[in-house]
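Structural features, examined
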Amino acid sequence: MAEFLITTVGLSEWLAWTVTAVIAAVLVLNVIAGGALVFIWAERKIAGRIQDRLGPTRTGGRFGWLQSLADGLKLLAKEDLMPEGADGMLFRLAPYVSFCASFCAFIALPFAFDFIGCRLNVGVFFVVAVLGLEVFGVILAGYASASKWSLFGAMREAAQVVSYEVPLGMCVVVPVMLAGSMDMVTIAEKQAGWFTNWYLFHDPFTFVIFWVYVTCAVASVNRAPFDLAEAESELVAGFHTEYSGLRWSYFFMAEYGSMFLVSAMAAVLFMGGWNGPIPVASLLGLSEGTGDTANYFVRLLGMFNLLGKATLGVLVMMWVRWTLPRLRIDQVMTTCLKYCTPIAAAMFAGAMLWQLFLPGGLVPGLDRPAGEIREGWLEGPGGRGAAAPAASDEKVAQVISSQVNP
Amino acid sequence: MRGPAFLEKLEAALPGAVTGRNLEALDPWIEVAPERIADVSRWLKESSEPRFDALECVTAVDWCEPDPKKAAKVAWQPRIEMVYHLWSTAARVSLVLKATLPRWKNDTPGELPEIPSVAGVWRTADWHELEVFDISGVNFIGHPDQRRILCPEDWEGYPLRKDYEMPLDYHGIRGR
Amino acid sequence: MAQLIDDDPRIIEFDVRTDEMLVNMGPQHPSTHGVLRLVLRTDGEVVSEVEPHIGYLHRCAEKIGENLTHRQWIPYTDRMDYLAAMNMNLGWALAVEKLMKYEVSEKARHLRVLIAELNRIASHLVGMGAYGLDLGTFSPFLYAFREREKILDLFEEACGARLTYSYITVGGLTADLPPGWLQKCEAFLDQFEPIIKEYHALLTTNAIFVKRTANIGVMSRELAIEYGCSGPVLRGSGVDQDMRRDGEAIYTAMYDGYAFEVAVMKDGHYPRDHEYPPVPADAVLGDCWHRFFVRMLEVVQSMDLVRQAIDRYSACKGTIGEPLKLTEKMPAGDAYLETEAPKGQMGFYLVSDGSAIPWRVRARSSSFSNLAVAPELCRGCLIADVPAIVGSLDIVMGEIDR
């Protein structure tokens, strides 16, 4: 993109990079903001259906699809309240901290092979680390609100998120270990082909650890049954008790953003990323070699694939939320420290040994990519793949070819 | 069980405590000297047969006719009547205790009549006595924490007294 | 030396000191079932003391009762336990009838059973749904309300009101059932029966629900009796007492010939008249789970009773009779009667000086006594347990504050 601007349009280099960055940022921001609107609407519809009612039906026509926009406008128009005893600056800062953390993590999230804000060779690490920052916003909000309920919410959140980072990290390490790279693109590419290539079905240990990941992910984004920081029946509204209007909606957007993010992470790490259960693109005979348009089409297809998987994850979280009661704080900690962490550790060890002794899998040939190998894509005959850092590309290609042709 | 035999035992155990009775009433009751109410309660709960292990309700009835014209016609004396409804969970029978108190201690309006608390015998009495204190104006001696429970803490007067008059003003809110 | 340190203004503290914190739960709080205020003394998440403050909904019902005739007070009983207004009406009507030694016709008697038991189902549905809400699950609440709406529709058809019915009144009921009502009621029961399994799946047997309620807020038999608890709270502690069976003759006569088993754990098991989910291993008699479970059993029990009442009512010939006149004089004297309302034993005490207007009216509220035990149960629990415990008592503030 930047090169295109420099060479064809003739912009100066710094301007070209800035424009590129702004475009990418706006796109990603819109994914979160637009996504949040869609997910809030979806949540209301799904909650409605689960609870035997209709959900929104009128705003915007048939399915109430403009409901979240109308809600957003209402929130904009609401009075901006701040408690008298609140710490003004921190109180104002908190929602942005939360939102920014959630937003920043999207930078390193690949939507398709090179539909990515910034391809980092430590992508997984970056996303997990930045996502963990979201808790600061919550703690600030709780502390600055000058409300005891908010404080309780913040303390719970702090305890919970810090604990769940441990098993979450261990779960994330397993696909990283299997792929031999922290680059999310590489991890996803390694699972190309049929769904049997997904790390979810790589070996029994990864299958188990996927569910541990799901549990930890739900806990780390504060969704029911782990939504203790809000816990409306105990803590009124937890950390955002004192927030109203747009500031409150920032927390909301951050929550939905993180929900989407952890689901997309699950898709990338365990479910092949943009590589579908069925390799449609390669079955259609579309591959890198068939030209730029086909290329673009394949990537678009991949993006929808990933978005579909991530949305599925979000929907499951909604389903869980409207079905289960909430756990108590000590039970949440028990789940983390007594169950998730040891299981994750054991599964990590198991997956490692499996990789050591049964690298080809139980049934040889099953985890071979069924479709074509995308080796060529990575090297790229002048394609977009070339834009990626060369060093990591070489490595990826090496790893892949070593697996394909042992 | 609720017959005279039961009463004889009570009288033998606590002579002079029972001052009246009506075992033919809809709810058979015995009247107890107010200062002995806690002793009688304890005996009924711990030693009697059957044991009245549950206290269902504590009430005060204010017998007073504020209208002087009507007051001249009534047959009864102005008084406060404490009513305790007892229940035995094992035998499934009930018993009513009554105790008569003056409307005001030493006939000085404003001085609350006094009766020993039975909160130490049945825990139910704790809140029920608070309510009686709050709305009927009876002082319970030995109650662990006597305060207003239904009305605001700074409320004046005892609403269920027959001669109670709603205050004209409460923190700027018009009362009448 | 110690003196020196104490006096030194530069030295503030040597080690981390933790303080207890007073937290106000209510009167505006999502899970206090109305306007209850609980003052919690907490050390972190651990609650060391709970002090309920009540009276926010005090409407002087007893004082009003001293200025109205017995039948005129019926609408005020509606507003006590507004979730089971029929049972409140029934309690007061029976107390007045006891004093007047009045007996209603047989048809009215069966209709009263039918209506009161139907209202018990409605009340327990709210109790159950709201309990789910206290524990953080929203859906069972709406599932419960969906069914309750159907009961309210039935009531609306019978008496014109959906919440404050004033249907059962002194000397009978205000009106007979409209034609076709019984069929609708039967259709509702048939439709409702399989839904109870859903509730058991969503709550009673749900692993998280069991984790949150089993062995929480354990109330011993003795404690329950000591505090005068009643209804499902008492039976949840294993005390075999139900006023419908053990109460006074005028009340138990209503249920003469009705077959029902009191929902209480006897010899280690609950009545086996229907298929119920097993008691989880963690649950201890007297904990929140048992209180909840007793309520669920009573829903089934009330359904049986409604079915029996429909049969008996339709077998009766004649009319339900006319209620007493508004100004019907009462004999001088006093009467106290406890009935088994959904929340517990609702007692009405009535003193009359011979006129139609009672001299003194007293409503002994079951929730009032049931709530009094909350500080005892909440001692040393976690904050999250407070709604779980208070919710399991199933209180209604209208009844507590009157």
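Heads up: the structure comes first, above all this text.
Cut-offs used in this document
- Residues numbered from 1 in each chain as written.
- Chains lettered and ligands numbered in written order.
- Predicted model: local features only at pLDDT ≥ 70, side-chain atom pairs only at ≥ 80, totals over all residues.
- Heavy atoms only, no water.
- Helix = DSSP H or I, 4+ residues; strand = E, 2+ residues; numbered from the N terminus.
- Rg over C-alpha atoms; globule rule 2.2 N^0.38 Å.
- Buried < 20%, exposed > 50% of the residue type's maximum accessible area, 1.4 Å probe, protein only.
- Areas by Shrake-Rupley, 256 points an atom, 1.4 Å probe, with all protein chains shown as cover.
- Contact = heavy atoms within 4.5 Å.
- Buried area = accessible area lost by both parts, 1.4 Å probe.
- Salt bridge = Lys/Arg side-chain N within 4 Å of Asp/Glu carboxyl O.
- Nonpolar A, V, L, I, M, F, W, Y, C, P; charged D, E, K, R; others polar.
- Polar contact = N/O pair within 3.5 Å; in protein donor to acceptor, adjacent residues only side chain to side chain.
- Disulfide = S-S within 2.5 Å.
- Pairing = 2+ DSSP bridges.
- Axes fitted to C-alpha atoms, helices over the stretch in contact; angles between N-to-C directions.
- Patch = residues over 30% accessible without salt bridge, like charges linked within 9 Å, V, L, I, M, F, W, Y side chains within 5 Å.
- Core = buried A, V, L, I, M, F, W, Y, C linked by side-chain atoms within 4.5 Å.
- Parallel < 35°, antiparallel > 145°, perpendicular 65-115°, else oblique.
- Left-handed = near helix turned anticlockwise from the far one by under 90°.

A closer look at the overall build of chain B
A count of helices and strands for chain B gives four helices and nine strands. Counting from the amino terminus, helix and strand elements in chain B follow one another as α-β-β-α-β-α-β-β-β-α-β-β-β. Taken against the 2.2 N^0.38 rule, which gives 16 Å for 176 residues, the C-alpha radius of gyration of chain B at 18 Å falls within 12% of a compact globule. Reported as C-alpha extents along the three principal axes, the dimensions of chain B are approximately 55 × 40 × 30 Å. Put simply, chain B has 176 residues, and 53% of those count as buried. A total accessible area of about 8200 Å² is found for chain B, and carbon and sulfur atoms account for 50% of it.

What to know about the interface of chain C and chain B
At the junction of the two partners, chain C supplies 40 residues and chain B supplies 40 residues. Taking both partners together, chain C and chain B bury about 3600 Å²; carbon and sulfur atoms supply 54% of that area. It is C:Glu226, C:Trp359 and C:Phe368 that lose the most area in chain C upon contact with chain B, and together they represent 20% of the buried surface on that side. The interface formed by chain C and chain B includes nine salt bridges. Between B:Glu56 and C:Arg364 there is a salt bridge whose closest N-O contact spans 3.6 Å. Of the residues in the side of chain C that touches chain B, the class split is 15 nonpolar, six polar and 19 charged.

A few points about the interface of chain A and chain C
The partner chain C presents 33 residues to the 24 residues of chain A that form the contact. Interface of chain A and chain C: buried area, both sides summed, is about 2600 Å²; carbon and sulfur atoms make up 61% of it. When the buried surface of chain A facing chain C is broken down by residue, A:Phe152, A:Pro325 and A:Arg328 rank first, second and third, together holding 24% of it. In this assembly, chain A and chain C are joined by three salt bridges. The salt bridge involving C:Glu45 is made with A:Arg156; its shortest N-O contact spans 2.6 Å. Our count for the chain A to chain C interface comes out at 11 residue pairs in polar contact (both at pLDDT 80 or more).

Side note on the pairing of strand β8 (residues 360–364) of chain C
Burial within β8(C) is extensive, with five of its five residues counted as buried. Judged by which residues are buried, β8(C) turns out to be covered on both faces: C:Arg360, C:Arg362 and C:Arg364 on one side and C:Val361 and C:Ala363 on the other are all buried.

Looking at the arrangement of the chains
The pair of protein chains exhibiting the most contacts, out of two pairs of chains in contact, is chains B and C. Where chain A comes nearest to chain B, the C-alpha atoms are still 25 Å apart, and the two do not contact one another.

A closer look at the state of the cysteines
All told, the structure shown has zero disulfides over all chains when counted by the stated rule. Considering cysteine sulfurs only, A:Cys216 is the nearest to A:Cys340, which forms no disulfide, with 4.1 Å between them. B:Cys151 carries a free sulfur, and the closest cysteine sulfur to it, the one in C:Cys60, is 7.0 Å from it.

Overview of the sheet that holds strand β7 (residues 344–352) of chain C
Residues and elements named next belong to chain C. A sheet is described by the order of its strands in space; here three strands give the open sequence β6-β7-β8, paired in antiparallel fashion. With partners counted over all chains shown, the strands left at the sheet margins are β6 (333–341) and β8, one partner each. Across the sheet, the axes of successive neighbouring strands diverge by a mean angle of 10°, strand direction being ignored. In the sheet, β6 pairs with β7 via nine bridges, with the strands oriented antiparallel. Across the sheet, residue Leu337 finds its bridge partner in β7, namely Phe348. Along the sheet face, helix α4 (residues 85–100) touches β6, β7 and β8 and points at about 150° away from the line of β6.

Quick look at unusual backbone geometry
Unlike most non-glycine residues, B:Arg92 shows phi in positive territory, near 60°. Position of B:Arg92 among the secondary structure elements: in the loop between β4 (79–88) and β5 (93–101). On the basis of relative accessible area, B:Arg92 is assigned to the partly exposed category, the value being 31%. Located in the positive-phi region is C:Arg402, a residue other than glycine, with phi close to 50°. If you trace the backbone, C:Arg402 turns up in the segment after α18 (397–401).

Overview of a nonpolar patch on the surface
Residues and elements named next belong to chain A. Together, Trp194, Phe195, Phe201, Phe207, Val208, Trp211, Ile278, Val280, Phe297, Leu301, Tyr339 and Ile343 give the surface a local cluster of nonpolar side chains, amounting to about 1100 Å² of exposed area. Mapped onto the nonpolar patch, the elements with two or more residues apiece are α9 (204–220), α13 (292–321) and α14 (329–357). Residue contributions to the nonpolar patch peak at three residues, all from α9. Mapping Phe297 onto the fold places it in helix α13.

A few points about the pairing of β6(C)
Most of β6(C) sits inside the fold, with eight of its nine residues counted as buried. Turn length for the β6(C)-β7(C) hairpin, with the two strands adjacent in sequence and antiparallel, is two residues.

A short note on the nonpolar core
Membership of the largest hydrophobic core comes to 142 residues, with the highest contact counts inside it found for C:Ile54, C:Trp181, C:Phe192 and C:Val386. Residue contributions to this core peak at 15 residues, all from helix α14 (residues 288–315) of chain C. Apart from the residues lying within four places of it in its own chain, the contact partners of C:Ile54 are B:Trp127, B:Ile149, B:Leu150, C:Leu36, C:Phe368, C:Leu371, C:Met397, C:Ile400 and C:Asp401. A:Val172, A:Tyr199, A:Cys336 and A:Ala344 belong to the second-largest nonpolar core, a separate cluster that totals 79 residues.

Thoughts on the packing of helix α2 (residues 13–50) of chain A against helix α3 (residues 67–77) of chain A
All names here are of chain A. Here α2 crosses α3 at 110°, and the two axes come no closer than 8 Å. Of the possible angle classes, the one that applies to α2 and α3 is roughly perpendicular. At the point where α2 passes α3, the crossing takes the right-handed sense. Residues Leu37, Ile40, Trp41 and Arg44 of α2 form the contact with α3, whose participating residues are Gln67, Ser68, Leu69 and Asp71. Taken together, the residues of the contact of α2 with α3 break down into four nonpolar, two polar and two charged.

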